[in-house]
Amino acid sequence: SMGDSIKNERGLLLLLFRTETPHYVLEYNCDDPLVSPLPSAALTSSSELFSTHSPSFAKLNRRDGAGGWSPLESNEQQWLQVDLGDRVEIVAVATQGRYGSSDWVTSYALMFSDTGRNWKQYRQDDAVWVFTGNSNADSVVHHKLLHSVKARFLRFIPLKWNVGGRIGLRVEVFGCSYKSDIADFDGRSSLLYRFNQKLMSTFKDVVSLKFKSMQGDGVLFHGEGQRGDYITLELQKGKLSFNSHTSVTLGSLLDDQHWHSVLIERFNKQVNFTVDKYTQHFRTKGDSDHLDIDYELSFGGIPVPGKPGTFQRKNFHGCIENLYYNGVNIIDLAKRRKPQIYTVGNVTFSCSEPQIVPITFVSASRSYLLLPGTAQIDGLSVSFQFRTWNKDGLLLFTELSENSGHLLVYLHGGRLMLLIQKETENPVEITEGTNLHDGLWHSVAINARRHRITLTLDNDAATASHATTVSRIYSGNSYYFGGCPDNFTDSQCLNPITAFQGCMRLIFIDNQPKDLILVQQGSLGNFSDLHIDLCGIKDRCLPNYCEHGGKCSQSWATFYCDCNNTGYMGATCHNSVYEQSCEAYRHQGKTSGFFYIDSDGSGPLGPLRVFCNMTEDKIWTAVQHNSTGLTRVQGAGPEKPYTMSFDYNSSAEQLEAVINSAENCEQEASYYCKKSREEPDSPYGMPFAWWVGRANEKHLYWGGSLPGIQQCACGLEESCLDMRYFCNCDADREEWTNDTGLLAFKDHLPVTQIVITDTNRSNSEAAWKIGPLRCYGDRQFWNAASFNTEASYLHFPTLHAEVSLDISFFFKTTAVSGVFLENLGIKDFIRIEISSPKEITFSIDVGNGPTEATVQSPTALNDNQWHYVRAERNLKQTSLQVDSLPKKVLEAPAEGHFRLQLNSQLFVGGTASRQKGFLGCIRSLHLNGQKLDLEERAKMTPGVKPGCPGHCSSYGNLCHNGGKCVEKYNGYFCDCTNSAYEGPFCKEEVSALFEAGTSVTYTFQEPYPVTKNASTSSSAIYVDAVVSKENIAFSFLTAHTPSLLLYINTYFHEYLAVILSKNGSLQVRYKLSKDGLLIFTIDSGNFANRELHHVKINREGRELVIQVDQVLKLKHNFSEIDFKAIKSLTLGKVTDSLSLDPEVSKANAYGFTGCLSSVQYNHIAPLKAALRHPSIAPVTVRGSLTQSNCASMMEADVNTATTTYSSSGVSCLEGIEEVRGRNSCTNPLICRGSTT
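- Under the annotation held in an unreviewed UniProt entry, the protein chain carries the name Contactin associated protein family member 5 and is attributed to Catharus ustulatus.
- In UniProt, the protein chain has this text filed under Subcellular location (unreviewed entry): "Membrane".
- If you open the UniProt record of the protein chain and go to Sequence similarities (unreviewed entry), you find "Belongs to the neurexin family."

## Here's the deal with unusual backbone geometry
Okay, step 1: Residues Leu542 and Pro543 are joined by a peptide bond in cis, for which omega reads -5°.
Okay, step 2: Along the chain, the position of Pro543 falls in the loop between strand E40 (530-532) and strand E41 (551-554).
Okay, step 3: Of the consecutive residues Leu749 and Pro750, the connecting peptide bond is found in the cis state with omega at 5°.
Okay, step 4: Structurally, the position occupied by Pro750 is in the loop between strand E53 (737-743) and strand E54 (753-756).
Okay, step 5: For Asn435, which is not a glycine, the phi torsion comes out positive at approximately 55°.

## Thoughts on the UniProt feature "domain: EGF-like" (unreviewed entry) in the protein chain
Okay, step 1: UniProt marks residues 537-574 and 949-987 with the feature "domain: EGF-like" (unreviewed entry), using the numbering shown here.
Okay, step 2: Here residues 949-987 is 10% helix and 31% strand, with 25 Å between the C-alpha atoms at its ends.

## Concerning the side chain of His258
Okay, step 1: Following the sequence through the fold, His258 ends up in the loop between strand E17 (247-250) and strand E18 (260-267).
Okay, step 2: Looking at His258, the relative accessible area reads 12%, which means it is buried.
Okay, step 3: In this view, His258 contacts Asn118, Trp119, Lys120, Phe211 and Lys212; residues no more than four positions away in its chain are not counted.

## Focus on the sheet that holds strand E32 (residues 425-432)
Okay, step 1: Reading across from one edge, E32-E31-E30-E29-E36-E27-E39 is the order of the seven strands in this open sheet, with antiparallel pairing throughout. Only two strands of the sheet have a single neighbouring strand rather than two, namely E32 and strand E39 (526-528). On average, adjacent strands in this sheet sit at an angle of 10° to one another, irrespective of strand direction.
Okay, step 2: When strand E27 (residues 368-372) meets strand E36 (residues 478-481), the two strands line up antiparallel, connected through four bridges. What sits directly across from Pro372, in E36, is Ser478.

## Here we look at the UniProt feature "domain: Fibrinogen C-terminal" (unreviewed entry) in the protein chain
Okay, step 1: Taking the UniProt record as the reference, the feature "domain: Fibrinogen C-terminal" (unreviewed entry) is found at residues 573-625.
Okay, step 2: Note that residues 573-625 is 11% helix and 32% strand, and that its end C-alpha atoms are spaced 29 Å apart.

## Quick look at the state of the cysteines
Two cysteines joined by a covalent bond between their sulfur atoms form a disulfide.
Okay, step 1: Tallied over the entire structure, the rule returns 17 disulfides.
Okay, step 2: Each sulfur in the disulfide pair Cys665 and Cys775 lies 2.1 Å from the other. Handedness here is read from the sign of the S-S torsion; for Cys665 and Cys775, about 110°, the answer is right-handed. Linking Cys665 in strand E50 (residues 662-674) with Cys775 in strand E56 (residues 773-778), this pair joins segments that are 110 residues apart in sequence. Cys775 matches Cys665 in its accessibility class, with the two residues each being buried.
Okay, step 3: Put simply, Cys921 and Cys948 are joined by a disulfide, and their sulfur atoms are 2.0 Å apart.

What counts as what
- Residues numbered from 1 in each chain as written.
- Predicted model: local features only at pLDDT ≥ 70, side-chain atom pairs only at ≥ 80, totals over all residues.
- Heavy atoms only, no water.
- UniProt positions renumbered as here; feature names shortened; annotations may be inferred.
- Helix = DSSP H or I, 4+ residues; strand = E, 2+ residues; numbered from the N terminus.
- Buried < 20%, exposed > 50% of the residue type's maximum accessible area, 1.4 Å probe, protein only.
- Contact = heavy atoms within 4.5 Å.
- Pairing = 2+ DSSP bridges.
- Axes fitted to C-alpha atoms, helices over the stretch in contact; angles between N-to-C directions.
- Disulfide = S-S within 2.5 Å.

Here you go:
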């Protein structure tokens, strides 16, 4: 029949016309006006002003009566309802005000229902959708629904109306008739679909259906085979579980008695599982690609074979519509009693729906429902069901009569508590259940007779709790549900906890059901802030907006993300805990070590553990793999090749991101061989060894060579052992040789595998070593653009960041104001600007009106120094951070629009309107972890220059201890030439161990440079110059006295000596031609106490200042001083000791035994020169001088747990290179035990 073909066709179209959005395109016209042909009685309302304003006059464009509907009172509790006669498909709505009046509605919501009960709010974008209404009485405002709705009843809920008038409304609804096949399952029935042959073996299955359920559990369909294959779709606790060797759960709150659509598409092992608008794609774990089902599929339950009326699991209780299995309309076959369908139990073909009225407690403080009861009954009986996400809330309060106290039932920490309180008696308390804030329906029954009270949870009589009261219990006459009214005094209602937010239904008092529609009409009880006849619960964790694996939990009003162990932080686990590169860590002043870096910041790639080597100007990032040692290979041939795969403990995408964001990368590759070749004999031959790189590509070039050339480094340099070959190993010699070099073409890295095939001949052997992946240079950290005119800007593609967004960059400017970046949508936009010299503003509109986060700085930000800005927006917060000033955080509204929809280009350094452009520099711009290449774009844009000079003004203070900041095109570096320290920030001490006879003598002769690149003027001290000042600084650690630490002498027999006396006090001795000998003693303790001490001796003209360990110890004024013609400076033992004073000579007998560190004399660093540039600096070293680290020696000395004991019973401290693996300890300072 025609009807059948439409049904079938439409059912199939459901499957065939799936589009990107989850609704289905049905190819026919569906825009008929549905209200105008209805009888007047089909329109009803909450109330009417006069009979002339009744809902029967509310059809669009009608002018009879008063020209439309107006309620008795204009408030948010009013509604206009349309009964469309049958379930129809609704695609659009239109509204007008009341004809010729000042009454119109400016915004409204829609609700729909199949039965006129249990309404559902129309939602779009996960929010209750608010439609824009009218702006006058007569023009029509038309809205197309994004998702069509199938319903019989529709309600218009006015939310706002014309300020000078009241609610006035005329409406039309557009759509078409909706044909469907429905089966009603009563919880004890099922339909079996029997196959034509015994076994159904399918590669491809498509199942589609819609269902509405009363219960949270029940089997929708099931099939199984004797070979162990099975497929099951089952409701479990309001979620839908699909099971076929792999279990996947989707959806939530599916027991809400509303229609939900399901689509399962299986092709081999790939499954697309869709519930409503959420889809999961996954692969099943079964053995084969096809699904073997025997005999039948059952819908609605799993009957037990041979036992009529019994089922394996809980059956589905509810209705199923348009059920198709591989194009077969199952319900249509059942209706027509076709032989393929076998019915178990009672299945009917219309949906019988219970008339249950749920209510929603909306407000966290004001909602309550008051219902009357019968007073003075001996005992009490109340029952109801509730569902909520909140752990706490008052469910019920009633004042018992005959002075028997009051009774409370409430949720506390997700547990159910019952409390009876009476002034003269101990309170009686019962606790039941856990985790009752799980969003599921829970039933509560309270029964009392005389002295005994019983609390039953979820109809489980076996676990019900009982308690006994001293007084008899008599029922009261008022029952408060969910909360108490504001005016406590009249109500006699107590709430020790917060109000309840959630849904309730099936309220019985004295065993009588309460009709909540009468409450809505005002003829029963009282209430405030309730939605009657709908349950407005929403799962805020579906979809899960916690990113990067954050765990979502929720209350009624919001959701929370637990970011523990994810490597991310923030309200939605959006921001990486880690920096994006080693360069960024260095910038925080960190030193070399293992770090996690997150190359794409807040993007999808996780963090990766790397070693950051920050000891030189180039910052190296190293990623280790599982096999960095030298590995020997024998017995491998073309038939049985040797392969080794490298595991970097990371994904290919993570490594690629590290490589792509670096300037250069390399991996050392060494191939050692003895009769084992690499390259083929002829250009067309098979190679004997190769390596595999990125994207599984095979490469035949080796370390030191270039891509595309089948050669080794020696081939390029023409230095191979045998000039006929391009690799040393190809000479095929009997003795070991090697081909070693760097693989440095970064697009081919990392090395993921090595293959060797030529070690199976006699006496043939190979060994290989592949080093870690090493990269340097962060291409983004210094990536900058200079905007030279206000009209200039860079543009990038539209920013796509609907639910979460982060933007970070550095800027420097001298301008008073300007826009850093802007992106517009039709209504939505984002903008970040410097709005005044001390103010940065982040503005955003996601459809609820603009939000502005502003950070005020105490100092001007237009000071031409680099400043950092980070703006973020997620579903919970909008925030702005500037430098290290306090972050500005604005909480987002719980309801309303939340998707940021932009469609124009992203403007950087300017705006779409060309107004308020930015003058200055922007650097290191990141959007959602993506790096924007400003330099590349700037090269092609007039008015914008790539790069931005001048980093030292901002970062010069990071160069310490006399290091000089030197500008580079992309950044800066610290020149430590004149510093006693080294390292990227001149902060790493240079220290050495001195033994009894060690001496380091620095001779002042003709001018010379300390290092090759140092300028002569800065490093030279002329012999005949009069030195007007001494700036001396050093640190020492020793256990020996007396000691000579430092000695400076002049050609005029003057000297300066620093010694430790026998008692451990510190002496500074000046011998001057005018003043004679001056001795300054600092005896504030024993300085030979194995601790590190810092000494500073500063003389400026006549004034001398001595500091020890940052404490001022002494000030002195010389009468006259001309310390001139300095000859040499000695650390440790002075070898030319003839001219020494007796006291100095006594100290010099021992020299210095211990650790000296970071010695500075004016702008000379003698110890650093001796250790780093002994060949070019005028330094003489006698005795043993070993590089060390004084600070770590002290830590080792304090923390004896790190002591390593050697075999001779002598302990040497770790961290001191002096030991060098010997079993004796040569340094008496740091040795303890038998040899000391």
